[in-house]
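# Examining the three-dimensional arrangement
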Amino acid sequence: MARATATERGGRFQQLQSAAGAVNIWLPALLAFVLPLSTSAISILAILIFLFWLIEGNFADKFAEIFSNSIVLAVYGFLAVLALGLLWSPDVPAGFAVLQDRWKIGLLPVFLTAVGYRHRSVYINFFLAGLSVAMLLTFLAWFDLFQYADTSPSHLTHKTFHVVYNPLLAFSIYLVLHESLWGQRKPVVRLGLVGLAGVMIFNMFITEGRSGQLVFFVLMALLLLQVFKKNRIRAVIAVCLLLPTLFTLGYGASPVFKQRLDTACREIKGFHNNPDTSVGLRLLFWQNSWEIIRHHPLLGVGTGGFKTAYARVNREKSPAYVATDNPHNQYVLVAVMSGIPGMLALLAIFAAMFRQAVLMDDYWQRVRVAFPLFFLTIMVTESYLKVYETAFFFSLFTAVFYKKESEQQTQLLSPDRAKRWLIFAYLFHVDGKAASQTITDRLPLLLEEGITPLVLSGPTGEKDNHVFHRRIFSCMPSGLQYELRFLLKKRKMPGWLREILKAMVTVVFLPLYLVERIVIHLDTHWSWGISGAVSGLFCLIRYRPALIYSTAGPSSTHFAAYVVHAVSGTPWIAELHDPLIYDIEPRKWHQRYLFHNWLEKKVCRHAAAVIYFTDHALESADRRHPIRGRKIVLRPGAAPPVTPELQYGRREQLHFGHFGSLAVTRNLSRLIQSFHLLFTEQPSLQQQVILDIYGSGLDDVSRSALVEFPLDGILQEHGRLEHDDASGKSGRQQVVEAMKLCDVLVILHGSGLICEEYVPSKVYEYLLTGRPILALTPQTSELGRIVLECGHWVVDPDDVHAIKNMLAECVRQWQIGRLDRSWPDSPYTIENTVDRLLNAAREAVV
């Protein structure tokens, strides 16, 4: 009986949750309706929405949606900057009051997960209905048929409500005209909408809000540009003709508009003689605020410090005039309190909106452009993210306009939970990165086997729309700075602008970066482990994958996977591209070594299978921390990118090609010396040989060797091959094509004991090209054995004469045409790699 009662209670609670969710879809419509009408009703409805949101539950889905929305993250980034500003605030209680006052925009995640995607038109119609009621009240006051508060035929809105009413009216006019132009409406309805817009425009010129009138002309200019999008000349002509005409008509026909405009012009002209006017005081507030900004440009005076700082400047500059706690300009307020970080965080919100407007190509795309432009304009004249009604308007309609359809990628999930893999791969779809190729090459084959990958990666790679893929930023300054600079590097923009933006990112993060580096001495990406773990836990709750798989990339990849495994007990396969630590590291007391030693221990103890790419790396890890799961050495192989069939063709000169990065421990010094020795002995060969270098460029050791052993015109640097817009080829496609055109491919193993524990992944791409390979590595090394087993050449990297003789042999074979032959196919295929990985996964999940 008790069990039945508990079941019934559970069922009733589920019914309550379902009912709360159903009601909460419609409460935002009521909130939209009362926005222009009643602040009390706004507060009550906002609280009700939040309570029903809590009752509805389903937090895993909600937080997954929240964390996948870049605008929400940008808004909370802005709030985080304000919170950090408390650290240097001269008035901490006032700072907390500022944060408390931002609760209105802080409700954005609640609204985002409460509104219904298919009810967007309903919310907009309710808002327009509420605005129409407010407009009706202004007309009744205009005709002197209804008076309330201080309204009259010459003052149509109560108190200073015109500051809110007119901007909302301007956006309503845009929405109505947008619907009349692009909505699927009958001619009669379309005509009615045009009539409503006309009434609204008339109302705009008989009410007093200059901010609304300003943004009205801005939105009308945008509307004309959108109407004539395909003909820019017509768009410019329309803006230049229609807007001045509308302005002239309004100025001539509306005494209110004429009086407000003339007063503003008069007050601006007389500012220096008499600042004690409506516009004059605003200019004075801005002027004094600029003095504060000038003395605190970097971090501002701190959150809540505006009133104190302004009062001090006001006493010095304008003691006869009133002090203020609001400069009536959102940008000035933020710049004074939070400096450059605050301004960038504020602008990042609207940059995210514009970006989503580009990405979300549907009927509302034009409105998504108008919405941020609307706020960017009105915030010049007032701190509108602080004003009650407009702050709610911002948070509610950001949710309405930028909510995505029920996660499209969820449709990519297999109904079979046993086929779902939660994959942590910080580097994913990053062109030219070996760690990225490790996983991206395997995905097509995993999909063919029915595996549903849920990929969590860093933000530096391209979005993959064929699988469930979420890109996550690091949560600390060092990681964020790296990721933002990387993204700027990828963007198409003038070089000078890119460098300025990169410098700004560096300056903004510098104080927090220095604090982080004082305390934490790990690699740049360490904090992605925290971000990845949080996102992984939400994915785990929502999608219930059967396996966790962390692969390659920085150590934070495996840290995130370990946290999710430790919390859930879900089986975990850890694949390490390079060892986390080496036995020969000198500073074993260093924080980085201690962390990686701890992480390696967790990998070895908790992973169901531990995968390394070399025998020596696996043996070393097993010796340090005995591996309890399955031990696997996996040769990753490589999959050639899809390119038109390209055949090798002999050229007039013999081309040796080296691809990949160079460093002090992996350099070309011995190869350069050997070429120099060969040309000294056989000068005639100098005209027949070219050494092509592809990658990030020569290292210092190689350049020094080139000075000591000059190769005049022989060594040619080609740099990194990036994505080519003209051909549409990725950097990797171009690299493979360049490899296929080389006569001999050169690969280096480097120097030092750590070389025993890794094999350059480039060798697997070399083996796919059908070209001969010359490896500078000991024959007993794993790289040497791989190259020899495939029928290619290996030479001792420290024996200059042996290298010289091998180079001479390559020239001889090229001269007699023996390099033109077909070389053995690579035994290290992606198919074999995926088969072994699937076997490990089956054993782990059982």
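What comes next is a walk through the structure. (Residues numbered from 1 in each chain as written. Predicted model: local features only at pLDDT ≥ 70, side-chain atom pairs only at ≥ 80, totals over all residues. Heavy atoms only, no water.)

## Considerations on the overall build of the protein
In terms of helices and strands, the protein carries 33 helices and 13 strands. If one aligns the C-alpha atoms of the protein with their principal axes, the spans along those axes are about 105 × 80 × 60 Å. Here the protein holds 846 residues, and 53% of them are scored as buried. A sequence separation of at least 24 residues applies to 72% of the contacts in the protein between residues at least 6 apart. Taken as a whole, the protein presents about 37700 Å² of accessible surface, with 60% of it coming from carbon and sulfur. (Helix = DSSP H or I, 4+ residues; strand = E, 2+ residues; numbered from the N terminus. Buried < 20%, exposed > 50% of the residue type's maximum accessible area, 1.4 Å probe, protein only. Contact = heavy atoms within 4.5 Å. Areas by Shrake-Rupley, 256 points an atom, 1.4 Å probe, with all protein chains shown as cover.)

## Here's the deal with the pattern of salt bridges
On inspection of all chains with the given rule, the structure shows 25 salt bridges. A salt bridge links Asp362 to Arg368; its shortest N-O distance comes to 2.6 Å. For Asp362, a relative accessible area of 25% puts it in the partly exposed group. Across the salt bridge formed by Arg442 and Glu575, the nearest N and O atoms sit 2.8 Å from each other. Of the two residues, Arg442 is situated in the loop between helix H19 (434-440) and helix H20 (443-448) and Glu575 in strand E5 (residues 572-576); the sequence distance between them amounts to 133 residues. In this structure Glu575 comes out as buried when scored by relative accessible area, which is 0%. In this structure, a network of salt bridges that share partners links the residues Asp441, Arg732, Lys762 and Glu765. (Salt bridge = Lys/Arg side-chain N within 4 Å of Asp/Glu carboxyl O.)

## Notes on the sheet that holds E5
Pairing within the open sheet is parallel, and its 7 strands lie in the order E3-E2-E1-E4-E5-E6-E7. Both edges of this open sheet fall to strand E3 (468-471) and strand E7 (630-633), since each of them pairs with a single strand only. Recorded for the sheet is a direction-independent mean angle of 15 degrees between the axes of neighbouring strands. Here strand E1 (residues 420-424) runs beside strand E2 (residues 452-457); their pairing, made up of 5 bridges, is parallel. When the sheet's bridge partners are listed, Phe424 is paired in E2 with Leu456. Along the sheet face, helix H24 (residues 555-568) touches E1, strand E4 (547-551) and E5 and points at about 165 degrees away from the line of E4. (Pairing = 2+ DSSP bridges. Axes fitted to C-alpha atoms, helices over the stretch in contact; angles between N-to-C directions.)

## Digging into the environment of Phe392
Along the chain, Phe392 falls in helix H18 (residues 388-402). Considered as a pair, Phe392 and Glu462 are 70 residues apart in the sequence and their alpha carbons are 34 Å apart.

## Let's talk about unusual backbone geometry
Phi is positive for His328, close to 60 degrees, though the residue is something other than glycine. Relative to the helices and strands, His328 is located in the loop between helix H15 (306-317) and helix H16 (330-359). Its identity as a non-glycine residue notwithstanding, Arg544 has a phi of 50 degrees, on the positive side. Along the chain, Arg544 turns up in the loop between helix H23 (528-543) and E4.

## Details of helix H4 (residues 70-84)
Its 15 residues give H4 an end-to-end C-alpha distance of 21 Å, which sits within 8% of 21 Å, the value for a rise of 1.5 Å per residue. Restricting attention to buried positions, one finds in H4 the residues Ile71, Val72, Ala74, Val75, Phe78, Leu79, Val81 and Leu82. Summarising the contacts, the buried residues of H4 are in contact with helix H3 (59-67), helix H5 (92-101), helix H6 (103-106), helix H7 (108-114), H16 and H18. (Expected span 1.5 Å × (residues − 1).)

Any functional reading would require information that these geometric values do not contain.
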